[in-house]
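# A look at the structure
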Amino acid sequence: MASLYLNSLLPLPPSHPQKLIEPSSSSPSSLLSTSNGNEVSLKPIVINGDPPTFVSAPSRRIVAVGDLHGDLGKARDALQMAGVLSSDGRDQWIGQDSVLVQVGDILDRGDDEIAILSLLRSLDGQAKANGGAVFQVNGNHETMNVEGDFRYVDARAFDECTDFLDYLEDYAQDWDKAFTNWIFESRQWKEDRRNSQTYWDQWNVVKRQKGVIARSILFRPGGRLACELARHGVILRVNNWLFCHGGLLPHHVAYGVERINREVSTWMRSPTNYEDSPQMPFIATRGYDSVVWSRLYSRETSELEDYQIEQVNKILHDTLEAVGAKAMVVGHTPQLSGVNCEYGCGIWRVDVGMSSGVLDSRPEVLEIRGDKARVIRSNRDRLHELQVADYI
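Thresholds, definitions, all that
- Position numbers for residues start from 1 in each chain and track the written sequence from start to end.
- Under the rules for a predicted model, residues below a pLDDT of 70 receive no local features and side-chain atom pairs below 80 are neither given nor counted, while totals for whole chains, interfaces and linings still include all residues.
- Only hydrogens and water are set aside; all other atoms, that is, all heavy atoms of the structure, feed into the side-chain values.
- Helix numbering and strand numbering both begin at the N terminus, where a helix is a DSSP run of H or I of at least 4 residues and a strand a DSSP run of E of at least 2.
- Relative accessible area decides the class of each residue, using a 1.4 Å probe on protein chains only: under 20% of the type maximum gives buried, over 50% gives exposed, and in between gives partly exposed.
- When checking whether two residues touch, look at their non-hydrogen atoms; a contact exists if any pair is within 4.5 Å.
- Computed by Shrake-Rupley with a 1.4 Å probe, the accessible areas treat only the displayed protein chains as cover when residues are assessed.
- The disulfide criterion is simple: two cysteine sulfur atoms within 2.5 Å.
- All axes here are fitted lines through C-alpha atoms, helices being fitted over the stretch that makes contact, and every angle between N-to-C directions spans 0 to 180 degrees.
- Roughly parallel here means an angle under 35 degrees, roughly antiparallel means over 145, roughly perpendicular means 65 to 115, and every remaining angle is called oblique.
- Note on residue classes: Ala, Val, Leu, Ile, Met, Phe, Trp, Tyr, Cys and Pro are nonpolar, Asp, Glu, Lys and Arg are charged, and everything else, Gly too, is polar.
- Two strands qualify as a pair provided DSSP detects at least 2 bridges between them.
- For crossovers, right-handed means that the path from the first strand over the helix to the second runs clockwise, given strands pointing away from the viewer.
- Put simply, two rings from Phe, Tyr or Trp (the six-membered ring, in Trp's case) pair if the centres are within 6.5 Å, and we call them stacked under 30 degrees between planes, edge-to-face over 60, tilted for the rest.
- In the sections that follow, a salt bridge refers to a side-chain nitrogen of Lys or Arg positioned within 4 Å of a carboxyl oxygen of Asp or Glu.
- Each polar contact in these results corresponds to two N or O atoms within 3.5 Å; when the atoms are within protein, one needs to be able to donate a hydrogen and the other to accept it, and residues that are neighboring in sequence are counted only if both atoms are side-chain atoms.
- Here is the rule for handedness: rotate from the far helix to the near one, and if that takes an anticlockwise turn smaller than a right angle the crossing is left-handed, while a clockwise turn gives right-handed.
- Buried Ala, Val, Leu, Ile, Met, Phe, Trp, Tyr and Cys residues that are joined via side-chain atoms within 4.5 Å together make up what is termed a nonpolar core.

- Under an unreviewed UniProt entry, the name given to the chain is Calcineurin-like phosphoesterase domain-containing protein, and the source organism is Arabidopsis arenosa.

Below, the structure written as C-alpha cells:
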C-alpha cells in the first residue's frame, strides 16, 4: 500500500515563510480578547510556499466554500452566509480577520467565471488589510481549461471572455487594477451585450469562434488567467486543516505536497510554444487518483463493505498524519444531503452543487474555529447551525 512511504515524511513545511499578513493597527480585529478580559495582539498569518501551501493563521475563523461553477449570484449568497461579504451590493469584505478558502471549480457550467475570480481577488486585498486572507485551490475544471478542454464551458462564458479581452485594452499593462475592477465592471458589459443581441446570434459561428479564441488566449499556459490561477495551488493546509478539490492520497504526499503545487503552477504560467515547456503534471491533474479528480472519499459509507470502509479510513488517517492535519476538506462531488463529514469527521465534503449549472441548490458553507467545525445552511434566508463536530 502507498502508505508505506509515509513513515519518513515530516509534516512541517520545508520552505521559509513567504508572507506575513498582519492586521492594521486601526483594525478592530488587531486585538484578541482573552478569557480573563485582557486584550492581546493578534498574531500574523504566516504563509509558506509559492503558491501558498502551508498557512499558519493563529486564532482565525476559517470558512470553506465549495464549487461555484460560474454562478456569481450563488457565490455571493454563500459568501454572505459565511459572514465575509457585505449584502449591500458593494462587494465589501466584512469578515474582519477571517480566513476564506474556496476549494476549486470556479470555472465551467456558468457565465460569470471571471467575475467570481475577480471578486475573490478583490476580497483578498480587503481581507489582508484586516488581518484576514482569501485562499483558493484549483480544481479539475481549472486545470481542464488551462489544458484547452472547453467541453463544459457555458456559451455565455465565451462571451465573458470576449468582453474581458476588450475590457483589458482600456487598462494597458495594469493587470492587477484591471482584474480586481472587473467584478465592478462586468455587470454593465453583460447588460450591454444582452441589449445588443439579436435572435440570430445563437447561430453566429463567427461570434462563437471569437469567444473560443478569446478563452484560449486567456487560459492557455502563460495566458493572463492561467497565470492568475497559477497563484493558487491544488493543496493547502491552514493550521491543522487540509484543503484540496478531489482528495489527497498517500502517493501524493510521498511525491511532495509543495512539489506538486510548484509543478502545477509552473505549468500554468509557462507558454507551451517552447520545446522545454513543462508538461502537465499527471499526479495532480490527470487520472481518477489525482489530486483534483480523486473520488475515494466521496462515496457514502453506506455503499461500502466493512473492509472497504476500513481501508479508506486507514488511507485517510495515514495521509492526514503525514501532512500534520486533523481533517481534510474537499469539493468535486455534489452532495445531495448537503455539506457532511465521514470517517469520524476526518473528511468534510463541501460541494453542494449550488450553481444553477449543476443542482441549483441552496448554498452551504463550513465554518471552522480551532478544532471545531459546523455547517451553516440557508433556510428561508435564515442561518441555522446544522452540525457541530468536536475533534480531540
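Once you've had a look at it, read on.
## Here's the deal with the overall build of the chain
- The number of helices and strands found in the chain is 11 helices and 16 strands.
- Counting every position in the chain, which comprises 392 residues, the buried fraction comes to 55%.
- Considering only intrachain contacts with a sequence separation of at least 6, the fraction spanning at least 24 residues in the chain is 68%.
- Counting every atom, the chain has about 18,200 Å² of accessible surface; 49% of that belongs to carbon and sulfur.

## Observations regarding the state of the cysteines
- Counted under the stated rule, the structure contains 1 disulfide.
- One disulfide in the model links Cys341 with Cys345; its S-S distance is 2.1 Å.

## Description of the packing of helix 2 (residues 113–128) against helix 4 (residues 155–168)
- Put simply, helix 2 and helix 4 touch, their axes get as near as 8 Å, and they point 60° apart. One finds that helix 2 runs oblique with respect to helix 4. Side by side, helix 2 and helix 4 meet where Glu113, Ile114 and Ala115 of the first sit next to Ala157, Glu160, Cys161 and Phe164 of the second.
- Taken together, the residues that form the contact of helix 2 with helix 4 break down as 5 nonpolar, no polar and 2 charged.

## Describing the pairing of strand 8 (residues 133–136)
- Covered by surrounding structure in strand 8 are Ala133 and Phe135 together with Val134 and Gln136, the residues of both alternating faces.
- As paired elements, strand 7 (residues 99–102) and strand 8 share 4 bridges and run parallel to each other. Bridge pairing in strand 8 links Gln102 to Gln136.
- For the handedness criterion, the β-α-β arrangement of strand 7, helix 2 and strand 8 is classed as right-handed.

## A closer look at the packing of aromatic side chains
- Summed over the entire model, instances satisfying the criterion amount to 9 aromatic pairs.
- Consider the rings of Trp175 and Phe179, whose centres lie 5.1 Å apart with planes at 15°: the pair is stacked. Here Phe179 and Trp175 lie together in helix 5 (residues 175–196), a separation of 4 residues that amounts to about one turn.
- Seen from their ring centres, Trp182 and Trp189 are 6.2 Å apart, and the 50° between their planes marks the pair as tilted.
- Since its relative accessible area comes to 25%, Trp189 is described here as partly exposed.
- Members of the aromatic cluster, joined through ring pairs, are Phe164, Tyr167, Tyr171, Trp175, Phe179, Trp182 and Trp189.

## Some words on the pattern of salt bridges
- Taken as a whole, this structure holds 27 salt bridges when the rule is applied.
- The closest approach of N and O atoms between Asp318 and Lys314, which form a salt bridge, is 3.0 Å. Pair noted here: Asp318 and Lys314 are both in helix 11 (residues 306–323), with a separation of 4 residues, about one helical turn.
- Accessibility expressed as a relative area gives 42% for Lys314, which makes it partly exposed.
- Taken together, the shared-partner salt bridges connect Asp111, Asp112, Asp154, Arg156 and Lys190 into one network.

## Concerning the side chain of Asn138
- Within the fold, Asn138 resides in the loop between strand 8 and helix 3 (140–147).
- One polar contact links the side chain of Asn138 to the main-chain carbonyl oxygen of His232, over a distance of 3.1 Å.
- Residue contacts for Asn138: discarding those within four places in its chain leaves Gly104, Leu229, His232, Gly233, Val234, His245, Met268 and Val292.

## Quick look at the packing of helix 1 (residues 72–81) against helix 2
- Their axes nearest at 10 Å, the elements helix 1 and helix 2 cross at an angle of 30°. By the criterion of interaxial angle, the relationship of helix 1 to helix 2 is roughly parallel. Once helix 1 is placed against helix 2, the crossing between them reads as right-handed. Side by side, helix 1 and helix 2 meet where Leu72, Ala75, Arg76 and Leu79 of the first sit next to Ala115, Ile116, Leu119, Leu120 and Leu123 of the second.

## Here we look at unusual backbone geometry
- For the bond from Asp50 to Pro51, the omega torsion is 5°, close enough to zero to count as cis.
- Relative to the elements of secondary structure, Pro51 occurs in the loop between strand 4 (45–48) and strand 5 (54–56).
- Phi at His69 is positive, roughly 40°, even though this residue is not glycine.
- Of note, His69 is situated in the loop between strand 6 (61–65) and helix 1.
- Exposure remark for His69: the relative accessible area of 5% places this residue in the buried category.
- Here the phi dihedral of Asn239 falls at roughly 55°; this positive angle occurs in a residue that is not glycine.
- Tracing the backbone shows Asn239 in the loop between strand 9 (235–238) and strand 10 (241–244).
- The class of Asn239 is partly exposed, set by a relative accessible area of 26%.

## Quick notes on the nonpolar core
- Counting 107 residues, the largest nonpolar core has Phe164, Phe243, Leu248, Met328 and Trp348 as the members making the most contacts within it.
- Tallying contributions element by element places helix 2 first for this core, with 8 residues.
- Discounting residues that sit within four places of it in the chain, Phe243 has contacts with Ile62, Ala64, Val101, Val103, Val137, Val234, Ile235, Leu236, Val238, Val329 and Ile368.

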